[in-house]
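What follows is the residue order along each chain.
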Amino acid sequence: MNRLSLFLVLMCAGCASTSQQEEPFVQQLQKTAAAAYHIGDLHQAEGLWQQAVVANPGAYSNWCSLGQVRFRLHQYDASAVGYQRCLEGNSAQPLVWHNLAAVRLRQATEALLEGTIHFDDRPESERLKRDYQALLEHLLKLQRATVKP
């Protein structure tokens, strides 16, 4: 066996052992993140899920979990990214689509709430204020709604 062949064999063996070593590490990150999430330590869970997606970006379920914890932390843009990455792995996940829609509703609600602080007392603003209020009421009602299968 020439030196190049030996080098390539050793490189491949090294890659395989590294991959096998990383898998228990990622599994431990997932378990610890899930435990932190369940006891309500959302910042710890987020950090651990972030490490898991960095270690294995192709494990799309980790992206789902990262999206969920970021939703609970009110990090809606980041949450949407997590859910979208999750759906890249498997788009046939109705619950993840539901969660992504919930994120978008929250984003719309926050945009309207932010916009309300910029109103002034001019009479022409009154109609827009009423429109804002009606839309906010509808969005809030949607967020409280439950879906019956």
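Above this note sits the structure.
None of the values given here were measured: they were computed from a predicted structure. (Residues numbered from 1 in each chain as written. Predicted model: local features only at pLDDT ≥ 70, side-chain atom pairs only at ≥ 80, totals over all residues. Heavy atoms only, no water.)

(A) Here's a closer look at the overall build of the chain. For the chain, the count of helices and strands is six helices and zero strands. Written out in order from the N terminus, the α and β elements of the chain read α-α-α-α-α-α. Within the chain, counting contacts between residues at least 6 apart in sequence, those at least 24 apart form 41% of the total. Surface accessibility of the chain: about 10,200 Å² in total, with carbon and sulfur atoms responsible for 59%. (Helix = DSSP H or I, 4+ residues; strand = E, 2+ residues; numbered from the N terminus. Contact = heavy atoms within 4.5 Å. Areas by Shrake-Rupley, 256 points an atom, 1.4 Å probe, with all protein chains shown as cover.)

(B) Broad picture of the state of the cysteines. Taken as a whole, this structure holds one disulfide when the rule is applied. Disulfide pairing places Cys64 opposite Cys86 at an S-S distance of 1.5 Å. Here the residue Cys64 occupies a position in helix 3 (residues 60-72), and Cys86 occupies one in helix 4 (residues 76-89), the gap between them amounting to 22 residues. Side by side, Cys64 and Cys86 carry an identical accessibility label, which is buried. (Disulfide = S-S within 2.5 Å. Buried < 20%, exposed > 50% of the residue type's maximum accessible area, 1.4 Å probe, protein only.)

(C) Molecular detail of the packing of helix 5 (residues 94-116) against helix 6 (residues 125-144). The N-to-C vectors of helix 5 and helix 6 enclose an angle of 150 degrees; their axes lie 10 Å apart at closest approach. Classified by the interaxial angle, the pair formed by helix 5 and helix 6 is roughly antiparallel. Here helix 5 and helix 6 pass one another in a crossing that is left-handed. Packed against helix 5, whose contacting residues are Leu105, Arg106, Ala108, Thr109, Leu112, Leu113, Gly115 and Thr116, the element helix 6 presents Tyr132, Leu135, Leu136, Leu139, Leu140, Leu142 and Gln143 at the interface. Residues belonging to the contact of helix 5 with helix 6 are distributed by class as follows: 10 nonpolar, four polar and one charged. (Axes fitted to C-alpha atoms, helices over the stretch in contact; angles between N-to-C directions. Parallel < 35°, antiparallel > 145°, perpendicular 65-115°, else oblique. Left-handed = near helix turned anticlockwise from the far one by under 90°. Nonpolar A, V, L, I, M, F, W, Y, C, P; charged D, E, K, R; others polar.)

(D) The arrangement of helix 6 in detail. For helix 6, built from 20 residues, the straight-helix expectation of 28 Å at 1.5 Å per residue is met to within 8% by its first-to-last C-alpha distance of 29 Å. When we look at burial in helix 6, the residues that qualify are Ser125, Tyr132, Leu136 and Leu139. Projection of helix 6 onto a plane perpendicular to its axis shows the buried side chains occupying an angular sector of 65 degrees, all on one side. Summarising the geometry of helix 6, the exposed residues directed more than 90 degrees from the buried face are Arg127, Arg130, Lys141 and Arg144. (Expected span 1.5 Å × (residues − 1). Arc of directions from axis to C-beta.)

(E) The arrangement of the environment of Val69 in detail. Along the chain, Val69 turns up in helix 3. Sequence spacing of Val69 and Ser79 is 10 residues, and the spatial spacing of their C-alpha atoms is 7.6 Å. Residues contacting Val69, with those up to four places away along its chain left out, are Tyr37, Leu42, Ala45, Glu46 and Trp49.

(F) Up close: the packing of aromatic side chains. Tallied over the entire structure, the rule returns two aromatic pairs. For the ring pair Phe119 and Tyr132, a centre distance of 4.9 Å and an interplane angle of 75 degrees mean the geometry is edge-to-face. Of this pair, Phe119 sits in the loop between helix 5 and helix 6 while Tyr132 sits in helix 6, placing them 13 residues apart in sequence. A relative accessible area of 22% means that Phe119 is categorised as partly exposed. (Phe/Tyr/Trp six-rings, centres within 6.5 Å; stacked < 30°, edge-to-face > 60°.)

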